[in-house]
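Reading the structure
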Amino acid sequence: MKKDIHPNYREVVFWDLTSDDKFLSRSCVETKETIVWEDGKEYPVCKVEVSSKSHPFYTGKNVLLDTTGRVEKFNKRYARK
């Protein structure tokens, strides 16, 4: 196997800034910041805007759009004459 071509795959803490939730996973993401985790060890931290804890699809707060109005508007605009 060639040396120095593989990314550094390690444990990383992902911090969801929207919900202030943190979880430990493995990743190749490069970060300069670190954080002390619940087990007392220091891990690199990657700050993200959206995760499964804050995304509307996973939290059940998904907003339904008025698709009927959109379809009618599309048909009206592009109807064959």
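What counts, and where the lines are drawn
- Residues numbered from 1 in each chain as written.
- Predicted model: local features only at pLDDT ≥ 70, side-chain atom pairs only at ≥ 80, totals over all residues.
- Heavy atoms only, no water.
- Helix = DSSP H or I, 4+ residues; strand = E, 2+ residues; numbered from the N terminus.
- Contact = heavy atoms within 4.5 Å.
- Pairing = 2+ DSSP bridges.
- Axes fitted to C-alpha atoms, helices over the stretch in contact; angles between N-to-C directions.
- Buried < 20%, exposed > 50% of the residue type's maximum accessible area, 1.4 Å probe, protein only.
- Polar contact = N/O pair within 3.5 Å; in protein donor to acceptor, adjacent residues only side chain to side chain.

Attention shifts here to the side chain of Ser 27. With respect to the helices, strands and loops of the structure, Ser 27 is situated in strand β2 (residues 21-27). Discounting residues that sit within four places of it in the chain, Ser 27 has contacts with Asn 8, Tyr 9, Arg 10, Val 12 and Phe 14.

Before going further, it helps to spend a moment on the pairing of β2. The pairing of strand β1 (residues 10-16) with β2 spans 7 bridges and is antiparallel. Along β2, the bridge assignment pairs Glu 11 with Arg 26. If you look at the hairpin formed by β1 and β2, you'll find 4 residues sitting between the two strands, and Asp 20 has a positive phi there, around 55 degrees.

With that settled, the discussion passes to the sheet that holds strand β3 (residues 34-36). Across the sheet, which stays open at both edges, the 4 strands sit in the order β2-β1-β4-β3 with mixed pairing between neighbours. A strand with exactly one partner marks an edge of an open sheet, and here the two such strands are β2 and β3. Ignoring strand direction, the axes of neighbouring strands in this sheet form an average angle of 45 degrees. Pairing of β1 with strand β4 (residues 42-48), which is carried by 4 bridges, proceeds in the parallel orientation. Across the sheet, the residue bridging to Asp 16 is Val 48, located in β4.

Let us now look at the environment of Arg 10. Mapped onto the secondary structure, Arg 10 falls in strand β1. On the basis of relative accessibility, which here comes to 17%, the residue Arg 10 falls in the buried class. Placed 15 residues apart in sequence, Arg 10 and Ser 25 show a C-alpha to C-alpha distance of 8.4 Å. If sequence neighbours within four positions are ignored, Arg 10 has contacts with Ser 25, Arg 26, Ser 27, Val 29, Glu 30, Thr 31 and Pro 44. Only 2.9 Å separates the side chain of Arg 10 from the backbone oxygen of Val 29, close enough to count as a polar contact.

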